[in-house]
Amino acid sequence: MNNNDKLIIGGHEFDSRFILGSGKYSLNLIKAAVEYAGAQIITLAVRRANTKEEENILDFIPDNVTLLPNTSGARNAEEAVRIARLARELGCGDFVKVEIMRDAKYLLPDNQETIKATEILAKEGFVVMPYMYPDLNVARDLVNAGAASVMPLASPIGSNKGLATKEFIQILIDEIDLPIIVDAGIGRPSQACEAMEMGAAAIMANTALATAGDLPIMASAFRQAVEAGRKAYLSGLGRVLTRGASASDPLTGFLHN
Amino acid sequence: MENQFFVDNDLLSDEALERKHRLETDPSFRTDHMKYLEGMEVISSDIRSKVINEMESYDETKYTARDVVAALESESCTIEGLKALLSPAAEPFLERMAQRARLETSKHFGNTVYLFTPLYIANYCENYCVYCGFNCYNKIRRMKLSAEQIEREMKVIADSGMEEILILTGESRAQSDVEYIGNACRLARKYFRMVGLEIYPVNTDEYRYLHKCGADYVTVFQETYDSGKYETLHLAGHKRVWPYRFDAQERALMGGMRGVAFSALLGLSDFRKDALATALHAYYLQRKYPHAEISLSCPRLRPIINNDKINPLDVSESRLCQIICAYRIFLPFAGITVSSRESASFRNGIVKIAATKVSAGVSTGIGDHESKYSGKETDAAQGDEQFEIDDNRSLDKMYTDISGEGLQPVLNDYLYV
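Quick notes on the rules
Residues numbered from 1 in each chain as written. Chains lettered and ligands numbered in written order. Predicted model: local features only at pLDDT ≥ 70, side-chain atom pairs only at ≥ 80, totals over all residues. Heavy atoms only, no water. pLDDT = per-residue confidence, 0-100. Patch = residues over 30% accessible without salt bridge, like charges linked within 9 Å, V, L, I, M, F, W, Y side chains within 5 Å. Areas by Shrake-Rupley, 256 points an atom, 1.4 Å probe, with all protein chains shown as cover. Salt bridge = Lys/Arg side-chain N within 4 Å of Asp/Glu carboxyl O. Lys, Arg positive; Asp, Glu negative; His and termini not counted. Charge placed at Lys NZ, Arg CZ, Asp CG, Glu CD. Helix = DSSP H or I, 4+ residues; strand = E, 2+ residues; numbered from the N terminus. Axes fitted to C-alpha atoms, helices over the stretch in contact; angles between N-to-C directions. Parallel < 35°, antiparallel > 145°, perpendicular 65-115°, else oblique. Left-handed = near helix turned anticlockwise from the far one by under 90°. Contact = heavy atoms within 4.5 Å. Nonpolar A, V, L, I, M, F, W, Y, C, P; charged D, E, K, R; others polar. Phe/Tyr/Trp six-rings, centres within 6.5 Å; stacked < 30°, edge-to-face > 60°. Buried < 20%, exposed > 50% of the residue type's maximum accessible area, 1.4 Å probe, protein only. Lys NZ or Arg CZ within 6 Å of the ring centre and 35° of its normal. 1 Å grid on protein atoms, 1.4 Å probe; cavity = no way out; pocket = protein on both sides within 12 Å on 5 of 7 lines; lining within 4 Å. Points joined across faces, edges and corners; volume = space filled by probe spheres on them. Arc of directions from axis to C-beta.

## A look at the confidence of the model for chain B
Segments scoring low in pLDDT should not have their predicted coordinates read at a detailed level. Looking at chain B as a whole, its pLDDT mean stands at 92, while 100% of the residues score no less than 70. Two summary scores accompany this predicted model of the complex, namely pTM at 0.89 and ipTM at 0.80.

## Quick notes on a negative patch on the surface
A cluster of acidic residues, Glu56(B), Asp226(B), Asp270(B) and Asp314(B), forms a negative patch at the surface. One can find Asp314(B) in the loop between strand E8 (293-297) and helix H13 (317-330).

## Let's talk about the packing of helix H12 (residues 271-288) of chain B against H13(B)
Residues and elements named next belong to chain B. Contact geometry of H12 with H13 gives a least axis separation of 11 Å together with a crossing angle of 25°. Comparing their axes, H13 and H12 come out roughly parallel. As H12 packs across H13, the resulting crossing turns out to be right-handed. Where H12 approaches H13, its residues Phe271, Arg272, Ala275, Thr278, Ala279, Leu280 and Tyr283 are matched on the opposing element by Arg319, Gln322, Ile323, Tyr327 and Phe330. A class-by-class count of the residues in the contact of H12 with H13 yields eight nonpolar, two polar and two charged.

## Notes on the packing of aromatic side chains
If you walk through the whole model with that rule in mind, you get twelve aromatic pairs over all chains. Ring geometry for Phe14(A) and Phe95(A): centres 6.1 Å apart, planes at 75°, overall edge-to-face. You can see Phe14(A) sitting in strand E2 (residues 12-14) and its partner Phe95(A) sitting in strand E6 (residues 95-98), a full 81 residues away along the chain. Owing to a relative accessible area of 5%, Phe14(A) belongs among the buried residues under this scheme. Classification of Phe95(A) by relative accessible area gives buried; the value is 5%. With 5.4 Å between their ring centres and 10° between their planes, Phe18(A) and Phe222(A) make a pair best called stacked. Of the two residues, Phe18(A) is situated in strand E3 (residues 18-20) and Phe222(A) in helix H9 (residues 215-235); the sequence distance between them amounts to 204 residues. No difference in accessibility class separates Phe18(A) from Phe222(A), as the two residues are buried. The residue whose ring lies beneath Arg341(B) is Phe387(B), and the NZ or CZ to ring-centre distance is 3.8 Å.

## A short note on empty space enclosed by the protein
Evaluation of the coordinates by the stated rule reveals four cavities of 30 Å³ or more. In this structure, the second largest cavity spans a volume of roughly 70 Å³. Tallied by class, the residues present in the lining of the second largest cavity amount to seven nonpolar, four polar and one charged.

## Examining helix H7 (residues 189-198) of chain A
Residue and element names in this part refer to chain A. Along H7, seven of the ten residues are buried, which leaves the element largely enclosed by surrounding structure. Residues of H7 that are buried include every one of Pro189, Gln191, Ala192, Cys193, Ala195, Met196 and Met198, and no others. The secondary structure elements touched by the buried residues of H7 are helix H6 (166-175), strand E9 (181-183), strand E10 (202-205) and H9.

## What about helix H8 (residues 204-212) of chain B?
Residue and element names in this part refer to chain B. Listed as buried for H8 are Thr204, Glu206, Tyr207, Leu210 and His211. Summarising the axial view, the buried residues of H8 lie within an arc of 160°, below the 170-degree limit, and thus occupy one face. For H8, the exposed residues set more than 90 degrees away from the buried face come down to Asp205 and Lys212. Along its buried surface, H8 packs onto helix H7 (178-191), strand E4 (194-198), strand E5 (217-223) and helix H11 (248-254). Where H8 ends, the next residue or the one after it, Gly214, has phi of about 125°, a positive value.

Here it is as structure tokens:
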């Protein structure tokens, strides 16, 4: 495989294409999860980092990984912008995953507000990675707003239901020049692999690991699945017959007779 | 069997005693509990009628094992499914309910458990709620903390490591007005990341004011959703007005609060109907206000000062577990709080299934954190407790115990924005 196959987000290069969540499992497992997943980017909720020193999640995150603070808890663009600025003040760097939810039940993202927040934060120099419902028009607006990647959901957060929005994610992969990072709902390594085969630039998972029997082993399973999917995508998948067999006599053979 | 709630108090004047007895024995002497008092805001909402219609038509005997299995096997739980899970037919399925509840909890919360502590700042009360230690006829030491005392208590609690606080008062506007509570919220913002309120219900503009002062979550216990039963337990005072209390969470959301919590006090009335109504109250309000963070508490009746016989009657621990599992399966995204009214062993078990929030370092008295936390005797006045707690673990102990169960204790996951 090409050793130069890098994930590039906002000018930063990463070898790993597996982004790890941090918010749903024991803090003392974070280090092992990062190692086994081979992850170079880890997300964390700013609201969770907004704590006193004794149990600060930031202290559990290895120094060599890039922090991707998220704006969870934001209900509109204005709140997301405020949370992103706080992340910067807390020393979390310039990356930010914009998450804006007006729905406490399904935690579905508000695309309109996400576009607004992306535009403001990109102008302030953030590397903005917006979480969104996969809609091509919105993705284009996010590109124009200055996003560094686009993060469509596969299915509702925490559902482990896999690629429910597969067709629409494929459209984003085909039409958007930024990295498409599949976020939310990926429950199994096989689903992560499938998304990578489709051409997703990276995968983000949290609940799938948090609810696994053995978190480090599941982390390494995801790592392998993401790598396998990436290799398959780069190598070019073989043909798949959708119906019947391949005609041995080409229908257009008469043109050559 | 019923609880015997009425206890006389030798400090009461003959006149007061006579009034107390008349309230207890003569329904015609009591005010209309469905009629709003002057100054109580009336909002237009159909949630109350929806909840009460469902509750009144609930026939727990109608549900069979087949209904319970169907509810457990369907992907999302309907109202009919919830009714089945709360019914007696579900009792043999408790382990399966717990398994399903745990799955739902882990999807939405992973293995995190949030910790908080309550801070009672005053125990004056103008109501006669017969089961409550703070009731106006109960002989207890009354107290209201000054701003300095509140700050001192908060400092002691914050020094223990706690980052979320729930401020409580007895229900007395005269002694603990909205401004007094607002000042406590402002002080709390200095010491804590998250501030919740459990006070008497107020109007929308007052919730808005308290939100500006730093509070973002409002808990109101409806006690019982059976208004007829409610009337026999809340004999006097503004708390007697049942519909005003019902609409409190909606007013809190209209006032800009981020989240609201609901509860029936289990053991006061038919617990299955009350549990159903609590879950539906939260459910319908969330549908109307989709951004609202909702949570449920599940307190059972406890003994109080001067009446150590009060108990939750037929709401056994296994029935409480059934209720909590049903809540979780019906509302997978809702926070569920289990208070120190329950034993340490119950709380250790239920956080592995469905509870997402537990209190630690709890006192339901007034001004006694310093002596309780440090073990030091003080000369400072203290006010008596609202009820007896069962689980008296400190924050440190709770943190260690939860970690020991393989769960992640979380002290804060919140930003005031």
